[in-house]
Amino acid sequence: MMKQADSDIPPQKSLIGEYGTYFANLADKPASLSFRNANWKNVADWKTKARAKATELLSAPETGKTTVVKIEKKYVYDGLDIEELSWQLPYGKPTKAIFLKPQGSTKPLPAILALHDHAGKKYFGFPKLVKTSDTQHPLIAKHQTAVYSGNAWANDIAKRGYAVLVHDTFAFGSRRVFYEDVKGLDYGPLKTGDKTDEKPDNEEHILAYNEWSKEHEHVMSKSLFCAGTTWPGVCLAEDQAALSVLSARKDVDSERIGCAGLSGGGVRTVYLAGLDDRIKCAVCIGFMTTFKDLVMNRSYNHTWMTFAPLLANYMDFPEILGLRAPLPTFVQNNNQDALFTLLEMKQADDMLKQVFAKAGSSEKYRAGFYDGPHKFDAQMQADAFDWFDRWLRG
């Protein structure tokens, strides 16, 4: 049967109107650096070339080879030894982080780099995943209840026998853009004349900052493009710097490190785990779909952390994570997740199944589909922790 010409395909409703069908089918399928492309036979050759292209297009900034880590504070809480850390990258304010491990543990442990979410809440970073005292900020407690079944999951997996590092990434928490640093910005909702960085724990102040930073994200992303880099590239650089901090610790087994994150932490998992084999086991939560889904249906409600220009010409979105094949990879999806369409989540799952099967490692890939909205709930956490136990402790 003759293939229907693109011009004969009736347009579908999309975010960009009648343009959607055309642009959703612009790139070859499978693309030139997709392992599903019949031209690729050897896993190692494919990974070398595909990763090189992804790295080129992400254009991550250089953060240096050695990161000097400062221990700000040490204490015991919740059966865990906890360290408050900081380190300085070549740009921006110092990165703040929390390190957790079982109390009294001295031997090298398997480790998890826990990647915090986006959620349109840039005022906080690592606190979204941890609990370091009996008193939590009300907004953090509310957030953990809404998407994490009320759990500080970084604490929970640490108590399971892991060393865990949670750090603020680019533009969140300690790495956020401060009003004082953009003084004079005078444009619509980005005006800073009536704003202040004072009263940092005030709930009204935090909510106002989160709204302002949503608008500022567009400015930041345009500026990064003009600088020759990308938002996912900057996040990748900072997550790799944190991974180096974790790997260098004497109480960490650098050959048994995993990473996981929900939502914005999920997209960070896609890029970090796809491009850095120091991540031996990965769990991507609430962030898996196809580029078609983003073109046609869902680009409007996603952060600029997602988008690497032109990458779709070479591989589909799931195949970025697939670049880690044959290393263990678990993708957790929510059936009623409003950030994606279920059909395209399942298409993404099928792509990853094909990649891992062709790499001879079907048993190293798993996908879970859970009822409910966008979340990383108690059942998903239990399944994710079991996956880490299987591959990092088994």
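The present account deals with the structure reproduced in this document. Residue numbers restart at each chain and count upward from 1, following the sequence in its written direction. Given that the model is predicted, a residue must reach a pLDDT of at least 70 before its local features are reported, and side-chain atom pairs must reach 80 or more before they are shown or counted; all residues, however, enter totals for whole chains, interfaces and linings. To obtain the side-chain values, all non-hydrogen atoms of the structure were included, while hydrogens and water were left out.

The helix and strand tally for the protein stands at 11 helices and 9 strands. The size measure is the radius of gyration over C-alpha atoms, and the globule rule it meets is 2.2 Å times the number of residues to the 0.38 power. A globule of 394 residues ought to have a C-alpha radius of gyration of about 21 Å, and the protein, at 21 Å, matches this closely. Taking the principal axes of its C-alpha atoms as reference, the protein extends roughly 70 × 55 × 40 Å. Whether a residue is buried, partly exposed or exposed follows from its accessible area with a 1.4 Å probe, protein chains only, as a fraction of its type maximum: under 20%, in between, or over 50%, in that order. Taken across its 394 residues, the protein has 54% of its residues classed as buried. Runs of E in the DSSP output that reach at least two residues are strands. Runs of H or I that reach at least four are helices, and both are numbered from the N terminus.

Glancing now at the nonpolar core. If you look at the biggest cluster of nonpolar residues, it comprises 80 residues, and the most contacted ones within it are Leu 113, Leu 165, Met 288 and Phe 317. It is helix H6 (residues 231-247) that contributes the most residues to this core, 9 residues altogether. By the convention used here, residues are in contact when the closest approach between their heavy atoms is within 4.5 Å. When near neighbours in sequence (up to four residues on either side) are disregarded, Leu 165 contacts Leu 85, Trp 87, Ala 97, Ile 98, Phe 99, Ile 112, Leu 113, Ala 114, Ala 242, Val 245 and Leu 246. Ile 98, Leu 100, Leu 262 and Ile 285 belong to the second largest nonpolar core, which has 34 residues in total. Residues enter a nonpolar core if they are buried and are Ala, Val, Leu, Ile, Met, Phe, Trp, Tyr or Cys, with the set joined through side-chain atoms within 4.5 Å.

With that settled, the discussion passes to helix H3 (residues 138-147). Looking at H3, one finds that the buried residues are Leu 139, Ile 140, His 143, Gln 144 and Val 147. The buried side chains of H3 occupy one side of the element, clustering within an arc of 135° when seen end-on. Turned more than 90 degrees away from the buried face of H3, the exposed residues are Pro 138, Lys 142 and Thr 145. Those residues of H3 that are buried are in contact with helix H5 (203-227) and strand S6 (252-262). Residue Ser 149 follows H3 closely and has a positive phi angle near 55°. When we speak of the arc, we mean the arc of directions from the helix axis to the C-beta atoms.

The next point concerns the side chain of Asp 239. Among the secondary structure elements, Asp 239 is positioned in helix H6. You can call Asp 239 buried: its relative accessible area is 1%. If near-sequence neighbours (up to four positions away) are discounted, Asp 239 is found in contact with Leu 113, Leu 115, His 167, Thr 169, Arg 268 and Leu 272.

At least two bridges found by DSSP between two strands is the condition for calling them paired. Taken together, 9 strands build an open sheet; the order of strands is S1-S2-S3-S5-S4-S6-S7-S8-S9 and the sheet is mixed. Of all strands in the sheet, those with a lone pairing partner are strand S1 (69-77) and strand S9 (365-370), marking the two edges. Each adjacent strand pair in this sheet contributes to an overall mean axis angle of 20°, direction not counted. Judged from the 4 bridges that link them, strand S4 (residues 109-115) and strand S5 (residues 163-167) form a sheet pairing that is parallel. The partner of Leu 113 across the bridge, within S5, is Leu 165. In the packing of helix H7 (residues 264-275) onto the sheet, contacts are made with S4, S5, S6 and strand S7 (281-285), and the angle to S6 comes to roughly 140°. Convention adopted: a line fitted to C-alpha atoms gives each axis, helices being fitted over their contacting stretch, and angles between N-to-C directions are expressed from 0 to 180 degrees.

Next up on the list: the packing of aromatic side chains. The criterion for an aromatic pair is that two Phe, Tyr or Trp rings (for Trp, the six-membered ring) have centres within 6.5 Å, with stacked assigned to planes under 30 degrees apart, edge-to-face to planes over 60 apart and tilted to the rest. By the definition in use, this model includes 19 aromatic pairs. Between Phe 330 and Trp 387, the ring centres sit 5.5 Å apart and the planes meet at 50°, which makes this aromatic pair tilted. Here Phe 330, found in strand S8 (residues 329-334), pairs with Trp 387, found in helix H11 (residues 378-393); they are 57 residues apart in sequence, far enough to count as distant. What makes Phe 330 buried here is its relative accessible area of 0%. Grouped by ring-pair contacts, the aromatic residues Tyr 123, Phe 124, Tyr 179, Tyr 209 and Trp 212 constitute a single cluster. Sitting over the ring of Tyr 209, Arg 176 keeps its end group 5.8 Å from the ring centre. To sit over a ring, a charge needs its Lys NZ or Arg CZ within 6 Å of the ring centre and within 35 degrees of the ring normal. When the ring centre of Phe 369 is taken as origin, the NZ or CZ atom of Lys 346, which lies over that ring, is 6.0 Å away.

Attention now moves to a nonpolar patch on the surface. Exposure above 30% relative accessible area and the lack of any salt bridge qualify a residue for a patch; like charges then connect within 9 Å, and the nonpolar side chains Val, Leu, Ile, Met, Phe, Trp and Tyr within 5 Å. Computed by Shrake-Rupley with a 1.4 Å probe, the accessible areas treat only the displayed protein chains as cover when residues are assessed. A pairing counts as a salt bridge when a side-chain nitrogen of Lys or Arg comes within 4 Å of a carboxyl oxygen of Asp or Glu. Taken together, the side chains of Leu 15, Ile 16, Tyr 19, Tyr 22, Phe 23, Leu 26 and Tyr 300 define a hydrophobic patch exposed on the protein surface, amounting to about 790 Å² of accessible area. If you trace the backbone, Phe 23 turns up in helix H1 (residues 19-24).

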